[in-house]
Amino acid sequence: METKLRVFLCHASQDKPVVRELYQRLLSEGWIDPWLDEEKLLPGQDWDLEIEKAVEASDAVIVCISEKSVTKEGYVQKEIRKVLDIALEKPEETIFVIPLRLDDCELPRRLRAWHYVDYFPAEGRERAFQRLLQSLNIRFAQSPPTKHDFQNERPVPTGGTRVDERISPVAERERERGASLPNDLSTVDIAWGLALILYFSLAGMNALASSNDTILSISAILAGIVLLIRKQMPATPVFKISVIAYLLSHSMNRYFFFDDNSLVLALVGVSASISALLLIVTFRASKKPVYYAPISFAMFLFVTGTIMILNQFDTYPDHILTLILGGVTSVLIWMEL
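The shown structure was predicted, so the numbers you read here are calculated from the model rather than taken from an experiment.

Caption draft 1: The arrangement of helix 6 (residues 125–142) in detail. The terminal C-alpha atoms of helix 6 lie 26 Å apart, and with 18 residues this matches the ideal 26 Å at 1.5 Å per residue to within 8%. Taken residue by residue, helix 6 has Ala-128, Phe-129, Leu-132, Leu-133, Leu-136, Asn-137, Arg-139 and Phe-140 as its buried positions.

The following block contains the structure:
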């Protein structure tokens, strides 16, 4: 059994939203076991003791710094001191402390010995995350992760590879790309892609040529379920724009025009068809892990499917919730992708 790279996320409570997003991205890599207090600590556990054990068990520590955490006195400063004390015990050239600036703040004096990465502004996070992965990959290659008891650890199978023969996750990923298939697709990956392709295809046909509402409602609920499970969406701008166009035109058409405006219906159908086509073209492309946009989109799909089912029984509920969710989801997709 292979142990994942243990990464402790040191941060101030005020920075929790962006650190939570970073946690989800690291977790989705598969070879990283990030430690975040709200995810790992269990009710009744000794806060100080468990965090101290987690820091000591870590293979690397990402110290998230912001104007709020730099000026805040208290627990985060204690965590940083503990991290620095452990860093002194590491061999030279070992990557252990990785400062991560969340805004344009001044790095604490004791952290200035290590090169930092800027996780801002929002449009630069993807490049910053890739640089962060490069550092963690080097840390993985420097020495195999030690077998400490991280809370909720879930080892992954190595396929018979001995610990001293392990190659870095990035190198292994590159080796897999040389096979006939560029990357491996899990059952959830396939369900995620097929469910959304089916929904967008049916939505396009429904708007342009009028199709069966029952099948469309079932596909909407199915797509919502897999979105909640996967919490990922393609990061291509064209897909983002097409989905936003679909969400806004569909929700506004149902609320304001009641399917009577042919121009809006054409926009609904075309944008949905483009989204389905882009999903087919990029089926095997990597998806960006996000959090709030897929959840909001899933809620939109659940409401849409439920309304369509109710319509079959001559019950016509108000579409105001669809309108609100369509607008909120559009904003979240624009911000998160």
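Right, picking up where we left off after that structure.
Caption draft 2: Molecular detail of the packing of aromatic side chains. Going through the model one piece at a time under the given rule, you end up with eight aromatic pairs. Residues Phe-8 and Trp-35 carry aromatic rings whose centres are separated by 5.2 Å and whose planes lie at 20 degrees to one another, so their mutual orientation is stacked. In this pair, Phe-8 sits in strand 1 (residues 5–10) while Trp-35 sits in strand 2 (residues 32–35), placing the two residues 27 residues apart along the sequence. Of the two residues examined, Phe-8 and Trp-35, each falls in the buried class. Between Phe-200 and Phe-297 the ring centres are 6.2 Å apart and the planes differ by 40 degrees, which places this aromatic pair in the tilted class.

Caption draft 3: Geometry of the sheet that holds strand 2. Sheet architecture is open: five strands sit in the order 2-1-3-4-5, paired in parallel fashion. Unpaired on one side and paired on the other, strand 2 and strand 5 (117–118) mark the two borders of the sheet. Across five bridges, strand 3 (residues 60–65) lies against strand 4 (residues 97–101) in parallel orientation. Bridged to Val-61 within strand 4 is Val-97. Taken strand by strand, helix 1 (residues 16–28) contacts strand 1, strand 2, strand 3 and strand 4, and its axis lies near 160 degrees from that of strand 2. Along the sheet face, helix 3 (residues 47–57) touches strand 1 and strand 2 and points at about 130 degrees away from the line of strand 1.

Caption draft 4: Seen up close, the pattern of salt bridges. Inspection of the entire model under this criterion finds ten salt bridges. Taking the shortest distance from any N to any O, the salt bridge between Arg-125 and Glu-21 comes out at 3.9 Å. With Arg-125 in helix 6 and Glu-21 in helix 1, the pair connects residues that are 104 residues apart, well separated along the chain. Residue classification places Arg-125 among the partly exposed positions, given a relative accessible area of 25%. The exposure class of Glu-21 is partly exposed, given its relative accessible area of 23%. Here Arg-25 ties to Glu-126 by a salt bridge, and the two come within 2.6 Å at their closest N and O atoms. Of this pair, Arg-25 sits in helix 1 while Glu-126 is found in helix 6, placing the two residues 101 residues apart along the sequence. One salt-bridge network, held together by shared partners, links Arg-101, Asp-104 and Asp-118.

The rules behind each value
Here the residue numbers are simple positions, counted from 1 along each chain's written sequence. Totals for whole chains, interfaces and linings use every residue, but because this is a predicted model, local features are given only for residues with pLDDT of at least 70 and side-chain atom pairs only at 80 or more, for both listing and counting. Only hydrogens and water are set aside when side-chain values are computed; all heavy atoms of the structure are taken into account. Here a helix means four or more residues in a row that DSSP labels H or I, a strand means two or more in a row labelled E, and each is numbered from the N terminus. In this analysis, the expected span of each helix is defined as 1.5 Å times one less than the number of residues it contains. Residue exposure (1.4 Å probe, protein chains only): buried if accessible area is under 20% of the type maximum, exposed if over 50%, otherwise partly exposed. Centre distance within 6.5 Å is the pairing criterion for rings of Phe, Tyr and Trp, where only the six-membered ring of Trp is used; planes under 30 degrees apart are then read as stacked, over 60 as edge-to-face, and the remainder as tilted. In this description, strands pair whenever DSSP reports at least two bridges between them. Contacts were defined at the residue level, with two residues in contact if any of their heavy atoms lie within 4.5 Å. Angles run from 0 to 180 degrees between N-to-C directions of axes, and those axes are lines fitted to C-alpha atoms, restricted for helices to the stretch in contact. Salt bridges are defined by distance alone: a side-chain nitrogen of Lys or Arg within 4 Å of a carboxyl oxygen of Asp or Glu.

Everything listed is a geometric property; what it means functionally is a separate question.
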